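The lines below spell out each chain.
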Amino acid sequence: MLRRWRSLCGVVKNPKRRFRFTANLSKRYEAAAMRRTNHEKLRVAVLVSKAAFQFISGVQVSDYTVPDEVKDAGFQIDADELGSIVEGHDLKKVKFHGGVEGIANKLATSSTDGLSTRDYSSLIRRQEIFGINKFQESEARSFWLFVWEALQDMTLMILGACAFVSLLVGIAMEGWPVGAHDGLGKVTSILLVVFVTATSDYRQSLQFRDLDKEKKKISIQVTRNGYRQKMSIYDLVPGDVVHLAIGDQVPADGLFLSGFSVLIDESSLTGESVPVMVSAQNPFLLSGTKVQDGSCKMLVTTVGMRTQWGKLLATLSEGGDDETLLQVKLNGVATIIGKIGLFFAIVTFAVLVQKMYSRKLTERSHWSWSAVEARELLEYFAIAVTIVVVAVPEGLPLAVTLSLAFAMKKMMNDKALVRHLAACETMGSATTFCSDKTGTLTTNRMTVVKTCFCMNIKDVTKPSDASAIRSDIPDSVLKTLLQSIFNNTGGEVVATKHGKPDILGTPTETAILQFGLALGGDFQAERQAGKLIKVEPLNSTKKRMGVVLELPEGGLRAHTKGASEIILAACDKVAKESADVIILDDNFSTIVRVAKWGRSVYINIQKFVQFQLTVNIVALIVNFLSACFTGTAPLTAVQLLWVNMIMDTLGALALATEPPHDELMKRAPVGRSGNFISNVMWRNILGQSLYQFLVIWFLQSNGMGLFRLNGPDAQLTLNTIIFNTFVFCQLFKEVNSREMEKVEVWEGMLDNYVFVAVLSITLVFQIIIVEYLGTFANTTPLSFIQWFLSIFFGFLSMPVAVGLKRFEV
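Residues numbered from 1 in each chain as written. Predicted model: local features only at pLDDT ≥ 70, side-chain atom pairs only at ≥ 80, totals over all residues. Heavy atoms only, no water.

(A) The overall build of the chain, seen in detail. Helix and strand counts for the chain stand at 31 helices and 16 strands. Total accessible area on the chain is roughly 38,500 Å²; 60% of this is exposed by carbon and sulfur atoms. (Helix = DSSP H or I, 4+ residues; strand = E, 2+ residues; numbered from the N terminus. Areas by Shrake-Rupley, 256 points an atom, 1.4 Å probe, with all protein chains shown as cover.)

Printed below as a string of structure tokens:
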């Protein structure tokens, strides 16, 4: 469906630019085929016997020899051998190398203390031998490629051909350089549009690469130098000991060290929906898979492009996210308006040609055509093509992308990591927030405040209370209690760099472990005193955790903890990786800011659409009606190209990057099925369009007398005034569009440096075009009073906008 829709959109304008930051559909078929190939390959590796796999590959275990460079670096196994062990699920090779412990020794690491990285040079050497845990990224596209893509616009190519023919005809008729002015003006305008468009798109691509890097930054818990710490997955190397829990994505290929009830979802690689149980008997963990249940420690063996996930990514080209709902809506709007513009362009061209032919019939010269008249026909065709350029709001889908990317970057500064573009838009439509208390409504810290031992209930609000409890309960109860606290836990007490104990785990686990330490317990001693036989990790279904412990004196003991109702019931008998948005500071106010930015995205796009549709309607109607009644178009091709750049690229930059304000949260959110162009927007669009059309029509009808124009350049001066007034109406409309309902449109404008910069650039270029580029842009320098009246008529759109906002139907 998406492919058919894009081909339909391509009939109207440049599809390459419109769909640049969305999913590459052609690559999807390649990706699906390659994924099926990899699924089958891994399925064979898992299901076929290890002896058969070794027979097929022709590699005998006894044939392995350590390469000299690996030996010299202090290792007894190389990257290829490690990769073949995990990829082939080869237990024979694991046994040959002395089991997982033996492989850890050959990697010069410890399964308990992890790597020693005190010698930085050894870490660098390890990376040189085994690689780094980063995936190969597609090369950044150069600026000139964006220029080339901008030139692929069919209407711009047609305009370029018109400019070339106009250049040849002009030089042949009037010589150089006078005859080249018109053609060079069109060429200059086209190049200006192309380079501004390419610059905008290139900056967006750089921004997207930065955002993509941020989205891929995932932290994982690793044991290094004898203590547990958080690290980026990019810093992992073979030999690292990684701690995995429910919801974690396996960051590299590796081998199971220890853990309980580990279920791994390998569907992303093998296509199998049934989770795989990982244990000492099946110790293979593949990068890109997810932990569905349980927890474990993993020895990293293969990283980066050597992993199974890396090999899969090497065959694929990431093409961005699917279109968001708003992008799909605006693609529809852009295509419909484009078709309307195409219709008006054809009719305008037909009317202009008919007027010209009628004039020649009157003059009885319809059988003879001069080069001047041919050039006039060419100008009519250029105007018609330019109407299509102006009419098609190519900036609509791109404005969504720009606004979403801008919002993502700002959300990151507000401690919210957005993993998918559509999440920004979705948050703007959220009506209800469902949140747990811990971390978002509280400080994310918990403590034990009340206990019940031997039917005695006591408060534990001060550190000294724990000592009092210790003296009040029997030693046998205290021993069992400490045994339960330090063994039946998903947390851990570890030593930090400075030798001080640090507690890792959820707030609940941390609180209980802290209480155990306050009772005088020793985490390491309790863990070493008994042997864990079985662990049932906590999950949302069971709502409890349990362990079975083999006691030093013999026998087994089960400990359980969990939700009170679960545990008490038992006593009676012209994930972060899957989230779209990650709250990094566990603060509820951050959720509110994310919603505010989401609403800002929606409102900003509505502002841009309101602004752009006003320009579209006025440009279409003015040129169309003028062609019908006068036989000429007041806005030339070069002028329309400049207007197109104001309303398309520059307008998107100005209005799509407006920061949010608190008033947004007082509005009702827009649902997924809500109308994007609201009644208020239609009122503003039609009202502003009517005002601008009446002003331009008034100037066209009465401008000669109003400005006392006469002489051969009178019509050129009037057309310049009309063009100047039209541009200033867009400038003031841009300011008006900052608020669709509020009157205070100036408020906070100076805080948005992008908006101010766009207005300033537009104003400076307008002065240059009118005053200094007359021969190219078909303009003539204006007097002070003519400038003043152009600005004044443009400014009058401000009170008109105020009246429209206060008008109630």
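Moving on from the model shown.
(B) The pattern of salt bridges, seen in detail. In this structure the tally under the stated criterion is six salt bridges. Here K458 makes a salt bridge to D472, at a shortest N to O gap of 2.0 Å. Here D472 lies in helix α19 (residues 463-472) and K458 lies in strand β10 (residues 456-459), a separation of 14 residues in the sequence. On the basis of relative accessibility, which here comes to 47%, the residue D472 falls in the partly exposed class. Between K561 and E509 there is a salt bridge, with the nearest N and O atoms lying 2.6 Å from each other. You can see K561 sitting in strand β15 (residues 556-562) and its partner E509 sitting in helix α21 (residues 507-518), a full 52 residues away along the chain. Owing to a relative accessible area of 8%, E509 belongs among the buried residues under this scheme. (Salt bridge = Lys/Arg side-chain N within 4 Å of Asp/Glu carboxyl O. Buried < 20%, exposed > 50% of the residue type's maximum accessible area, 1.4 Å probe, protein only.)

(C) Expanded view of the packing of helix α27 (residues 714-736) against helix α30 (residues 784-795). Running from N to C, α27 and α30 cross one another at 40°; their axes reach a closest spacing of 8 Å. Relative to α30, the element α27 lies oblique. Remark: the crossing between α27 and α30 carries right-handed chirality. Touching T717, I721, N724, T725, F728, C729 and F732 of α27 are Q786, W787, S790, I791, F793, G794 and F795, all from α30. (Axes fitted to C-alpha atoms, helices over the stretch in contact; angles between N-to-C directions. Parallel < 35°, antiparallel > 145°, perpendicular 65-115°, else oblique. Left-handed = near helix turned anticlockwise from the far one by under 90°. Contact = heavy atoms within 4.5 Å.)

(D) Molecular detail of a nonpolar patch on the surface. On the surface, L763, V764, I767, I768, Y772 and L773 cluster together to form a nonpolar patch covering roughly 530 Å² of accessible area. Its relative accessible area of 66% is what places Y772 among the exposed residues. (Patch = residues over 30% accessible without salt bridge, like charges linked within 9 Å, V, L, I, M, F, W, Y side chains within 5 Å.)

(E) View of helix α25 (residues 637-655). In this model, α25 (19 residues) spans 25 Å end to end at C-alpha, consistent with the 27 Å of a helix rising 1.5 Å per residue. The largest bend along α25 reaches roughly 30° and is located at T649. Counted residue by residue, α25 has 18 buried out of 19 residues, so it is predominantly covered. (Expected span 1.5 Å × (residues − 1). Bend = angle between axes of the 7 residues up to and from the residue.)

(F) Highlighting the packing of aromatic side chains. A complete count under the given rule lists 15 aromatic pairs for this structure. A centroid spacing of 5.8 Å and a plane angle of 80° characterise the contact between F349 and F381, whose relative ring orientation is edge-to-face. Of the two residues, F349 sits in helix α15 (residues 325-362) while F381 sits in helix α16 (residues 371-391), which places them 32 residues apart along the sequence. Aromatic pair F788 and F792: ring centres 6.2 Å apart, planes at 15°, arrangement stacked. With F788 and F792 both in helix α30, this residue pair falls four residues apart, about one helical turn. Residue F788 is classed as partly exposed on the basis of its relative accessible area of 44%. Aromatic ring contacts, followed pair by pair, group F143, W144, F146, F195 and Y202 into a single cluster. (Phe/Tyr/Trp six-rings, centres within 6.5 Å; stacked < 30°, edge-to-face > 60°.)

(G) Structural view of the environment of Q639. Here Q639 is to be found in helix α25. The spacing of Q639 and A777 is 138 residues in sequence and 6.4 Å in space, taken between C-alpha atoms. A distance of 3.3 Å separates a polar side-chain atom of Q639 from the backbone oxygen of N778. (Polar contact = N/O pair within 3.5 Å; in protein donor to acceptor, adjacent residues only side chain to side chain.)

(H) Focus on the pairing of strand β14 (residues 544-550). Relative to β14, strand β13 (residues 531-536) runs antiparallel, the two being bridged by five bridges. Looking at the pairing, K531 lines up with E550 of β14. Pairing geometry for β14 and β15, over seven bridges, is antiparallel. Across the sheet, R544 pairs through a bridge with G562, a residue of β15. The hairpin formed by β14 and β15 contains five residues between the paired strands, and G554 there has a positive phi angle of roughly 100°. (Pairing = 2+ DSSP bridges.)

(I) Region of interest: the sheet that holds β13. Pairing in this open sheet of three strands is antiparallel, and the strands run β13-β14-β15 from one edge to the other. For this open sheet the edge positions go to β13 and β15, each flanked by a neighbour on one side alone. Direction aside, the axes of adjacent strands within the sheet are offset by 20° on average. On top of the sheet, helix α20 (residues 475-487) reaches β13, β14 and β15; it is set at about 65° to β15, its chief contact.

(J) Focus on the side chain of Q483. Of note, Q483 is situated in helix α20. At 3.1 Å, the side chain of Q483 and the side chain of H559 are in polar contact. Setting aside residues no more than four positions away along its own chain, Q483 makes contact with N488, E526, L549, L551, R557 and H559.

(K) Structural detail: the packing of α27 against helix α31 (residues 797-806). Between α27 and α31, whose axes approach to 9 Å, the crossing angle comes to 40°. Pair α27 / α31 crosses with right-handed handedness. Of α31, the residues touching α27 (which contributes F732, K733, V735 and N736) are S797, M798, A801 and K805. Split into classes, the residues belonging to the contact of α27 with α31 amount to four nonpolar, two polar and two charged. (Nonpolar A, V, L, I, M, F, W, Y, C, P; charged D, E, K, R; others polar.)

(L) Representation of the nonpolar core. Among the nonpolar cores identified, the biggest contains 78 residues, and L159, F723 and F726 are the most heavily contacted of them. When residues of this core are assigned to their parent elements, the largest contribution, 13 residues, is made by α25. Counting residues in hydrophobic clusters, the runner-up holds 32 residues, among them C424, M427, F676 and I677. (Core = buried A, V, L, I, M, F, W, Y, C linked by side-chain atoms within 4.5 Å.)

(M) Looking closely at the pairing of strand β4 (residues 253-265). Sheet topology note: the β4/strand β7 (residues 290-302) ladder contains 10 bridges and is antiparallel. Pairing of G259 across the sheet is with C296, part of β7. As paired elements, β4 and strand β6 (residues 284-285) share two bridges and run antiparallel to each other. Of the residues in β6, the one forming a bridge with G254 is L285. Note: β4 against strand β5 (residues 276-278), three bridges, orientation antiparallel. Bridged to I264 within β5 is V276.

(N) Broad picture of the side chain of N752. Following the sequence through the fold, N752 ends up in the loop between α27 and α28 (753-772). Accessibility expressed as a relative area gives 4% for N752, which makes it buried. Among all residues touching N752, those that are not within four sequence positions of it are A654, T657, E658 and P659.

(O) Just the environment of N487, in detail. Residue position: N487 is located in helix α20. Taking relative accessible area as the criterion, N487 reaches 2% and is therefore assigned buried. Taking C-alpha positions, N487 is 9.6 Å from V535, a pair spaced 48 residues apart along the chain. Beyond its immediate chain neighbours, meaning those up to four positions away, N487 contacts E526, R527, L532, V547 and L549. At 2.9 Å, the side chain of N487 and the backbone oxygen of Q483 are in polar contact.

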